[in-house]
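# Coordinate analysis (summary)
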Amino acid sequence: MEKLWSKTKIGEMELPHRLAMAPMTRSRSQEDGTPGELTSLYYAQRASMGLVITEGTQPSDNGQGYLWSPGIYTDKHIEGWKKVTEADPTTFFDLGSKGYTDYPTMEELESQEGLQ
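Every chain is numbered independently, its residues counted from 1 as its sequence is written. Where local features are concerned, this predicted model is filtered to residues with pLDDT of at least 70; where side-chain atom pairs are given and counted, the filter is 80 or more; whole-chain, interface and lining totals use all residues. To obtain the side-chain values, all non-hydrogen atoms of the structure were included, while hydrogens and water were left out.

## Details of the overall build of the protein chain
When helices and strands are counted, the protein chain shows three helices and five strands. Helix and strand definitions here come from DSSP, where helices need a minimum of 4 consecutive H or I residues and strands a minimum of 2 consecutive E residues; each element is numbered from the N-terminal end. Reading the helices (α) and strands (β) of the protein chain from amino to carboxyl end gives β-β-β-α-β-α-β-α. Partly exposed describes any residue whose relative accessible area lies between the buried limit of under 20% and the exposed limit of over 50%, with all areas from a 1.4 Å probe on protein chains only and scaled to the type maximum. In the protein chain, which comprises 116 residues, the share counted as buried stands at 29%. Two residues form a contact once any of their heavy atoms are found within 4.5 Å. The long-range fraction of contacts in the protein chain, counting pairs at least 24 apart against all pairs at least 6 apart in sequence, stands at 64%. Accessible area for the protein chain stands at about 7600 Å²; split by element, carbon and sulfur atoms hold 56% of it. Residue burial considers only the protein chains on display, and all accessible areas are found by Shrake-Rupley using a 1.4 Å probe.

Take a look at the structure:
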């Protein structure tokens with residue numbers, strides 16, 4: 001049990017212990033997936049945990065499986081996440097697929113160059 005509370009390193013990052021806050025669905029982003037003030041506040045309140053893993057963050061527009069979930073595929077999203085990571089540089093992303101919604105439609109596939 002003592003080792004659990006001992007300091008550790010991940011790459012160059014030093015952590016106060018070997019625990020991490022697991023990802024949980026928060027749905028606090030804006031409608032377009034931009035992390036807003038609620039997102040920043042939520043993660044800032046948990047920064048003292050050490051390693052924090054965000055909620056599932058969609059890497060593409062068609063990966064949004066539910067409302068108010070955060071994205072990381074536009075400049076606006078990146079600016080929103082900067083507020084979070086500036087408050088807590090030990091924040092890691094849980095890049096998440098929302099299952100079926102993450103797959104392109106047949107029309108999208110056929111419209112891609114060279115796939116017709």
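## Some thoughts on the environment of Pro-59
Among the secondary structure elements, Pro-59 is positioned in the loop between strand 4 (51-57) and helix 2 (75-87). Among the residues examined, Pro-59 registers a relative accessible area of 41% and is labelled partly exposed. Along the chain, Pro-59 and Thr-74 lie 15 residues apart, while their C-alpha atoms are 9.2 Å from each other. Excluding residues within four positions of it along the chain, Pro-59 makes contact with Ile-72, Tyr-73 and Gly-96.

## Topic: the nonpolar core
Formed by Met-21, Tyr-42, Tyr-43, Val-52, Trp-81 and Val-84, the largest nonpolar core amounts to six residues. Counting residues per element, the ones that place at least two in this core are helix 1 (37-45) and helix 2. Tyr-43 has contacts with Met-21, Arg-26, Val-52, Thr-54, Glu-55, Trp-81 and Val-84, leaving out every residue within four places of it along the chain. Put simply, buried Ala, Val, Leu, Ile, Met, Phe, Trp, Tyr and Cys residues joined by side-chain atoms within 4.5 Å make one nonpolar core.

## Focus on the pattern of salt bridges
Salt bridges are identified by distance alone: a Lys or Arg side-chain nitrogen within 4 Å of an Asp or Glu carboxyl oxygen. Per the stated rule, a full pass over the model turns up three salt bridges. Among the salt bridges present, the one from Asp-32 reaches Lys-76, with a minimum N-O distance of 3.3 Å. Linking Asp-32 in the loop between strand 3 (20-21) and helix 1 with Lys-76 in helix 2, this pair joins segments that are 44 residues apart in sequence. With its nearest N and O atoms 3.2 Å apart, the salt bridge here joins Lys-82 to Glu-79. Here Lys-82 pairs with Glu-79, and both are found in helix 2, just three residues apart, close to one helical turn. For Lys-82, a relative accessible area of 38% translates into the label partly exposed.

## Thoughts on the packing of aromatic side chains
When two rings of Phe, Tyr or Trp (its six-membered ring) have centres within 6.5 Å they constitute a pair, described as stacked for plane angles under 30 degrees, edge-to-face for angles over 60, and tilted for the intermediate range. Counted according to the given criterion, the structure contains three aromatic pairs. Note on Tyr-42 and Tyr-43: the rings are 4.9 Å apart at their centroids and 85° apart in plane angle, and the pair reads as edge-to-face. Owing to a relative accessible area of 2%, Tyr-43 belongs among the buried residues under this scheme. For the pair Tyr-43 and Trp-81, a centre-to-centre distance of 6.1 Å together with 50° between the ring planes defines the contact as tilted. Placement of the pair is Tyr-43 in helix 1 and Trp-81 in helix 2, with a sequence separation of 38 residues. Taken together, the ring pairs in this structure connect Tyr-42, Tyr-43, Trp-81 and Phe-93 into an aromatic cluster.

Everything listed is a geometric property; what it means functionally is a separate question.
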